[in-house]
Amino acid sequence: MNIIIIGGTGLLGNQATNVALERGHSVSSLAVEDAHAEEWYSKQAKSYTGDVFSMSEDELYEFFKQGGYDSMIYAVGPDDRYSPHENAYNFFYEKLVNQCSKVFRAARKAGIKKASLCSSYFLYFDRAFPKKKLSTYHPYIKVRKEQAEAIIKIATEENGDLPKMDVYVMELPYIFGTCPYRRPIWRETFLDHFAKGKKMIMFPKGGTVMATTRHIGEALVGSLEYGPDGECKHYSIGDENHDYNWMLDKLLIGIQGKPMKIWNPPKYLCAIGADLLITKPDNRKGIYHGLDYFHLMTDIQSDYFYYPENEIEDTCAELHIKRGGVEEAVIESGKACYDPGEWK
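Numbering of residues starts from 1 in each chain and follows the order in which that chain's sequence is written. Two thresholds apply to this predicted model, a pLDDT of at least 70 for residue-level local features and 80 or more for giving and counting side-chain atom pairs, whereas whole-chain, interface and lining totals are computed over all residues. The side-chain numbers reported here are obtained from all heavy atoms of the structure, hydrogens and water having been left aside.

What follows covers unusual backbone geometry. Look at Lys 133: it is not a glycine, yet its phi comes out positive at around 55°. Tracing the chain through its elements places Lys 133 in the loop between helix H5 (122-128) and helix H6 (134-137). Overall, Lys 133 belongs to the partly exposed group, its relative accessible area being 46%. Here the phi dihedral of Tyr 181 falls at roughly 65°; this positive angle occurs in a residue that is not glycine. Each helix corresponds to a stretch of at least 4 residues labelled H or I by DSSP, and each strand to a stretch of at least 2 residues labelled E; elements are numbered beginning at the N terminus. As for its placement among the helices and strands, Tyr 181 is situated in the loop between strand E7 (174-176) and helix H8 (186-194). Only protein chains enter the accessibility calculation, which uses a 1.4 Å probe; a residue is then buried when its area is under 20% of its type maximum, exposed when over 50%, and partly exposed in between.

So this is what it looks like as structure tokens:
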């Protein structure tokens, strides 16, 4: 295959690049400028600088056409941990639906036949737990659902003689691993809020499915290689299920060589605390969240968002994804979160 990776120098795009090259594919990356990419990004891949959020549909079409690409991995866009200085729904809709749709329209017109879209495991749990109303309470989850629907419609609707495009929506979980010159997001989202400078961590009792960056790369390339022809499909990708206490222990081992004491308060106490200590102060600063923190604590962080083991096994077998190494990846991620001396 001749693969174009949108965001090839990012955390996931880089891993997909490595996997695709190992499997004998031709790989190109289109990503925003990275001052250090020449030091570490694979020389076997062609690297182009461009911001798909600012490029026009015509510019993207010409780029795809000239490259002769037949497959695409789309690995850009803000996730739920980004908090914009504007209405959260409007922000995520513009980035994840409008801008992404522009890229997929250009890709289909240019003859790209298969595309893998990096999405969120919240799509899986919105289907699995309808009573939680995740896509109702959380703008980010609502937009992710609308993104998948919009992209599949663009890929499959009748459009003259234009061939349809197969799209694989990759429902990605908590991901651990590192990328050169990139600070792991776990610092801002977990450690700065709940652990740094504290003698005890207060965090809800729940858990989540996790994966390593390497295996996400295998999943993204595997979907293009082994995904069914002539149809679009959702894939729920995961390695292992673990509770948050286990995850926090491993992150802290990476940072300071040992875990900290953890207290799991009742979920409603967590929800009230998050609302008072995070949501309201941020809102006063004009910062808004894609996840509603009250419902995040009561319905998500205090529950076990696990994939069934048989589903993990079936997906890994279908897409030829290896498993294992999550503990090492979490420890490595923790180690990379802080420079020496920053933690204390």
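Another aspect to go through is the sheet that holds strand E1 (residues 2-6). As summarised here, the arrangement of the 7 strands in space is E3-E2-E1-E4-E5-E6-E10, forming an open sheet in which the pairing is parallel. Two strands bound the open sheet, and with one partner strand each, they are strand E3 (46-49) and strand E10 (233-236). Neighbouring strand axes in the sheet, compared pairwise and without regard to direction, differ in orientation by 20° on average. The pairing of E1 with strand E2 (residues 26-31) spans 5 bridges and is classified as parallel. Of the residues in E2, the one forming a bridge with Ile 5 is Ser 29. We call two residues contacting when some pair of their heavy atoms lies within 4.5 Å. Axis definition: a line fitted to C-alpha atoms, over the contacting stretch in the case of helices. Angles run 0 to 180 degrees between N-to-C directions. The sheet strands contacting helix H4 (residues 88-109) are strand E4 (71-74), strand E5 (114-120) and strand E6 (166-172), and the helix crosses E4 at an angle near 170°. Being paired, for any two strands, means DSSP has found at least two bridges between them.

Attention now moves to helix H13 (residues 309-319). Here H13 has its buried residues at Ile 312, Thr 315, Cys 316 and Leu 319. Down the axis of H13, the sector holding all buried residues measures 100°, keeping them to one side. Pointing more than 90 degrees away from the buried face of H13 are the exposed residues Asp 314 and Ala 317. Residues of H13 that are buried sit in contact with E6, strand E9 (207-212), helix H9 (213-226), E10 and strand E11 (240-243). In the stretch just after H13, His 320 is the one whose phi turns positive, near 60°. It is the directions from the helix axis to the C-beta atoms that the arc portrays.

Compared with an ideal rise of 1.5 Å per residue, which puts 18 residues at 26 Å, helix H7 (residues 139-156) spans 26 Å between its outermost C-alpha atoms and is within 8% of the ideal. Looking only at H7, the buried set comprises Tyr 140, Ile 141, Val 143, Arg 144, Glu 146, Gln 147, Ala 148, Ala 150, Ile 151, Ile 154 and Ala 155. A helix's residues, less one, multiplied by 1.5 Å, set its expected span.

A word on the layout of surface pockets. Size it by volume and the second largest pocket reaches roughly 330 Å³. For each structure, a 1 Å grid was placed over the protein atoms alone; sets of points admitting a 1.4 Å probe that cannot get out are labelled cavities, open sets with protein on both sides within 12 Å along at least five of seven lines are labelled pockets, and lining residues have an atom within 4 Å of a point. If you go around the second largest pocket, you meet 15 residues; those closest to its centre are Phe 194, Met 202, Gly 273, Ala 274 and Leu 277. In terms of residue class, the lining of the second largest pocket is made up of 12 nonpolar, 2 polar and 1 charged. Grid points are joined across faces, edges and corners, and a volume is the space filled by probe spheres set on the points. Only Asp, Glu, Lys and Arg are considered charged in this grouping, and only Ala, Val, Leu, Ile, Met, Phe, Trp, Tyr, Cys and Pro are considered nonpolar; every other residue, Gly among them, is considered polar.

A word on the pairing of E9. In terms of residue burial, E9 counts as a mostly covered element, since 6 of its 6 residues are buried. Every second residue of E9 is oriented toward a common face, with Gly 207, Val 209 and Ala 211 on one face and Thr 208, Met 210 and Thr 212 on the other, all of them buried. In this structure, E7 lies alongside E9, joined through 3 bridges in parallel fashion. When the bridges of E9 are listed, Tyr 174 appears paired with Met 210. With 2 bridges connecting them, E9 and strand E13 (residues 304-305) associate as parallel partners. Across the sheet, the residue bridging to Gly 207 is Tyr 304, located in E13. Bridge count between E9 and E11: 4 bridges; the pairing is antiparallel.

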